[in-house]
Amino acid sequence: MATNFRITVHQNSDNLHLKLHGDFDGSSAYLLLNTIEKRCRLTSKAFIHTNGLTQIDPFGSSVFRSHLGDLKSCKHMLLHFTGDHAGALAPQGS
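Anyway, here's the lowdown on the structure attached to this text. Remember, predicted model here, so these are calculated numbers, not experimental data.

Conventions and cut-offs
Residues numbered from 1 in each chain as written. Predicted model: local features only at pLDDT ≥ 70, side-chain atom pairs only at ≥ 80, totals over all residues. Heavy atoms only, no water. Phe/Tyr/Trp six-rings, centres within 6.5 Å; stacked < 30°, edge-to-face > 60°. Helix = DSSP H or I, 4+ residues; strand = E, 2+ residues; numbered from the N terminus. Buried < 20%, exposed > 50% of the residue type's maximum accessible area, 1.4 Å probe, protein only. Pairing = 2+ DSSP bridges. Axes fitted to C-alpha atoms, helices over the stretch in contact; angles between N-to-C directions. Arc of directions from axis to C-beta. Contact = heavy atoms within 4.5 Å. Expected span 1.5 Å × (residues − 1).

## Details of the packing of aromatic side chains
What the rule picks out here adds up to three aromatic pairs. Aromatic pair Phe5 and Phe24: ring centres 5.7 Å apart, planes at 75°, arrangement edge-to-face. With Phe5 in the segment before strand 1 (6-12) and Phe24 in strand 2 (residues 15-24), the pair connects residues that are 19 residues apart, well separated along the chain. Each of the two residues, Phe5 as well as Phe24, counts as buried. The interplanar angle of 85° and the centroid separation of 6.4 Å between the aromatic rings of Phe24 and Phe64 together place this pair among those described as edge-to-face. Of the two residues, Phe24 is situated in strand 2 and Phe64 in helix 2 (residues 58-68); the sequence distance between them amounts to 40 residues. Pairwise contacts between aromatic rings join Phe5, Phe24, Phe64 and Phe81 into one cluster.

What follows is the structure, encoded as structure tokens:
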């Protein structure tokens, strides 16, 4: 994982906010996926805020997108990507 990557988690009522900070690589992608999977049963919407990212490795973005569908217990949850780097992480066509 990128040494400077971290996720700040905030939850209020039915919304989960995940603020991403630092560089996003393949290991960061798995950390984000695991965080979503752990929290998705408690919420119906997650906002992934990308303004805190400094660099996005194309491999990390690819890992995240390709494994997002593996989160079977999270199918009910809507993901909203915000910020300057939203397009780099959001699934194609969303």
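Picking up where we left off.
## Notes on the sheet that holds strand 3 (residues 45-56)
Here four strands make up an open sheet; going across it, the order is 1-2-3-4 and the pairing mixed. The open sheet is flanked by strand 1 and strand 4 (78-82), the only strands paired with a single partner. The average angle at which neighbouring strand axes cross in this sheet is 20°, direction not considered.

## Examining helix 2
By the burial criterion, the buried members of helix 2 are Gly60, Ser61, Val63, Phe64 and Leu68. Along the axis of helix 2, the buried positions cluster into a sector of 160°, meaning they face one direction only. In helix 2, those exposed residues whose orientation departs by more than 90 degrees from the buried face are Pro58 and Phe59. Contacts made by the buried residues of helix 2 are with strand 2, helix 1 (26-39), strand 3, strand 4 and helix 3 (86-89).

## With respect to helix 1
In an α-helix there are 3.6 residues to a turn, and that puts residues three or four apart on one side. With 14 residues, helix 1 ought to run about 20 Å at 1.5 Å a step, and its terminal C-alpha atoms sit 20 Å apart, in line with that. Buried within helix 1 are the following residues: Gly26, Ser28, Ala29, Leu32, Leu33, Thr35 and Ile36. At its buried positions, helix 1 is contacted by strand 1, strand 2, strand 3 and helix 2.

These figures capture arrangement, not role.
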